[in-house]
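Spelled out, the chains give:
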Amino acid sequence: MKPQDIRNIAIIAHVDHGKTTLVDAMLRQSQIFRENQQVDERVMDSNDIERERGITILSKNTAIQYKGVKINIVDTPGHADFGGEVERVMNMVDGVLLLVDAVEGPMPQTKFVLRQALERGHKVIVVVNKIDRKNARPDYVVNTTFDLFVDMGANDEQCEFPVIYASALTGSSSKDPHQLTSTLEPLFEEIISYLPHPQVDVDGPTQMQATLLGYDDYKGQIVVGRLHRGKIYRNQSLLLLQNDGDSRRARVGQVFTHRGLQRTEVEVATAGDIIALTGLGEVGIGDTLTDPEHPEALPAIKVEEPTLRMT
Ligand code: GDP
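Residues numbered from 1 in each chain as written. Predicted model: local features only at pLDDT ≥ 70, side-chain atom pairs only at ≥ 80, totals over all residues. Heavy atoms only, no water.

**Some words on the packing of aromatic side chains**
Enumeration over the complete set of coordinates arrives at two aromatic pairs. With 4.8 Å between their ring centres and 15 degrees between their planes, Tyr 66 and Phe 188 make a pair best called stacked. A residue pair is termed long-range when its members are at least 10 positions apart, and Tyr 66 in strand 2 (residues 62–66) and Phe 188 in helix 7 (residues 185–194) qualify at 122 residues. Exposure class is identical for Tyr 66 and Phe 188. Each is buried. (Phe/Tyr/Trp six-rings, centres within 6.5 Å; stacked < 30°, edge-to-face > 60°. Helix = DSSP H or I, 4+ residues; strand = E, 2+ residues; numbered from the N terminus. Buried < 20%, exposed > 50% of the residue type's maximum accessible area, 1.4 Å probe, protein only.)

Rendered as structure tokens:
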């Protein structure tokens, strides 16, 4: 998979503004588009399903196909997270959707997450959702969102955010609040044209940072992250550079990427994609997996212990 055919995004939304409904509609419509385009995609057989059954973590990440582009949607905690998860998610994506209710406008609780995205330099598409509501006030909502961006020190490019008006409920969207089309195509088009693809070197030595960890009863620890450089193969032998300065050989078991709401096993993954690996034994957040011939750690990630959580 070429980096040009990938978009890694996060959706920032206040609770109830419609994130779940939107992702569901995107999934549904991307399948419809696929059927219409007769794209030859391998249908999962029972072996695949069997293989995937063991992997139960991170079911909230979703991958959507649109016109040959894979849109990975990385789930974002909607609140300030003391474990640093928001920051880590923002390091995995290249752009974000800010989903805002057309009546309520942006809510203060999403500021923390938005700030992380803006500081990371990400471009933002503002999606004004629930435009079908009777008392929707799209102009007010866009202006308030703009003020918020300025307050938070967004750069000029970020302040020129495109706006998509949507009704996630009916699966419609538009660049014009008064003329909704009956599909989410305008939103998909904006995602693939406005948000950048991962800027990565697919042919360089392998490098990936363990960014999120999961555990599966059958497969043990699962390491999730964005493949920073190169490729990772099933059963590949890599070097694990640990945060504490130690290192050890680590052999990959299975390699998974996302498809729809499922993870699907692949022989090889390429830089830019969000992947999950099994078989590596105990890995810590921020550890780097590298090519043993070219050991090179990625910058450490600050992880605060949950015990530091303040009440
Ligand atoms: P989340 O908490 O952000 O995931 O929000 P949900 O997707 O669960 O939506 C919250 C509520 O808003 C639900 O009752 C949805 O049916 C409703 N909702 C979501 N999108 C729309 C929309 O476009 N228009 C209207 N009228 N309601 C919506």
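**Here we look at the pattern of salt bridges**
Applying the stated criterion across every chain yields a total of 12 salt bridges. With a shortest N-O distance of 3.2 Å, Glu 296 and Arg 229 are connected by a salt bridge. Of this pair, Glu 296 sits in the segment after strand 18 (288–290) while Arg 229 sits in strand 10 (residues 220–229), placing them 67 residues apart in sequence. Overall, the relative accessible area of 40% leaves Glu 296 in the partly exposed class. A network of salt bridges, in which partner residues are shared, links Asp 101, Lys 130 and Arg 133. (Salt bridge = Lys/Arg side-chain N within 4 Å of Asp/Glu carboxyl O.)

**Considerations on helix 4 (residues 111–119)**
Restricting attention to buried positions, one finds in helix 4 the residues Val 113, Leu 114, Gln 116, Ala 117 and Leu 118. At its buried positions, helix 4 is contacted by strand 1 (6–13), helix 3 (85–92), strand 4 (95–101), strand 5 (123–129), helix 5 (138–151) and helix 6 (156–159). After helix 4 finishes, the residue Gly 121 shows a positive phi value of roughly 85 degrees. (Contact = heavy atoms within 4.5 Å.)

**Structural notes on the pairing of strand 4**
Burial analysis of strand 4 places seven of its seven residues in the buried class, which makes it a mostly covered element. Burial of the side chains of strand 4 extends over both faces: Gly 95, Leu 97, Leu 99 and Asp 101 are buried on one face and Val 96, Leu 98 and Val 100 on the other. Examined bridge by bridge, strand 1 and strand 4 share five bridges and lie parallel to one another. For Ile 12, the partnering residue across the bridge sits in strand 4 and is Leu 98. Here strand 4 runs beside strand 5; their pairing, made up of seven bridges, is parallel. For Leu 99, the partnering residue across the bridge sits in strand 5 and is Val 127. Since strand 4 and strand 5 lie parallel, the crossover through helix 4 that links them has a hand, and here it is right-handed. (Pairing = 2+ DSSP bridges. Right-handed = clockwise from strand over helix to strand, strands pointing away.)

**Describing the sheet that holds strand 4**
Across the sheet, seven strands lie side by side as 2-3-1-4-5-6-7; this open sheet has mixed pairing. Of all the strands in the sheet, just strand 2 and strand 7 (172–174) have a single pairing partner and so form its edges. The mean inter-strand angle of the sheet, taken between neighbouring strand axes irrespective of direction, is 30 degrees. For strand 5 and strand 6 (residues 163–167), the ladder comprises three bridges, and the chain directions are parallel. Bridged to Val 128 within strand 6 is Tyr 165. Seen against the sheet, helix 7 touches strand 1, strand 2, strand 3 (69–74), strand 4, strand 5, strand 6 and strand 7 and runs at an angle of roughly 170 degrees to strand 5. (Axes fitted to C-alpha atoms, helices over the stretch in contact; angles between N-to-C directions.)

**Here's the deal with the site of the ligand**
If you check the shell around the ligand, you find 15 residues, and the closest are Asp 16, Lys 19, Thr 20, Thr 21 and Asp 132. Here an oxygen atom of the ligand and a backbone polar atom of Lys 19 are 2.8 Å apart. Between the ligand and the protein, one listed contact pairs an oxygen atom with a backbone N or O atom of Leu 169 at 3.2 Å. Here the ligand has 580 Å² of accessible area as a free molecule, and 71% of this is covered by the chains. In terms of residues, the shell around the ligand owes the most to one element, helix 1 (residues 19–37), which gives three residues. Among the residues forming the shell around the ligand, the class breakdown is three nonpolar, seven polar and five charged. (Near = heavy atom within 4 Å. Polar contact = N/O pair within 3.5 Å; in protein donor to acceptor, adjacent residues only side chain to side chain. Areas by Shrake-Rupley, 256 points an atom, 1.4 Å probe, with all protein chains shown as cover. Nonpolar A, V, L, I, M, F, W, Y, C, P; charged D, E, K, R; others polar.)

**What about the side chain of Gln 29?**
Mapped onto the secondary structure, Gln 29 falls in helix 1. Side-chain polar atoms of Gln 29 contact the backbone oxygen of Gly 171, separated by 2.7 Å. The residues contacting Gln 29, other than those within four sequence positions of it, are Gly 171, Ser 182, Thr 183, Leu 184, Glu 185 and Phe 188.

**Concerning the environment of Gly 84**
Mapped onto the secondary structure, Gly 84 falls in the loop between strand 3 and helix 3. Since its relative accessible area comes to 14%, Gly 84 is described here as buried. A C-alpha to C-alpha distance of 22 Å links Gly 84 and Gly 272, two positions 188 residues apart in sequence.

**Quick word on the nonpolar core**
Membership of the largest hydrophobic core comes to 36 residues, with the highest contact counts inside it found for Ile 12, Met 90, Val 96, Leu 98, Leu 114, Val 128 and Phe 149. Setting aside anything within four residues of it in sequence, one finds Ile 12 in contact with Met 90, Val 96, Leu 97, Leu 98, Leu 99, Thr 110, Val 113, Leu 114 and Ala 117. With 28 residues, the next largest nonpolar core counts Ala 13, Leu 97, Leu 184 and Ile 192 among its residues. (Core = buried A, V, L, I, M, F, W, Y, C linked by side-chain atoms within 4.5 Å.)

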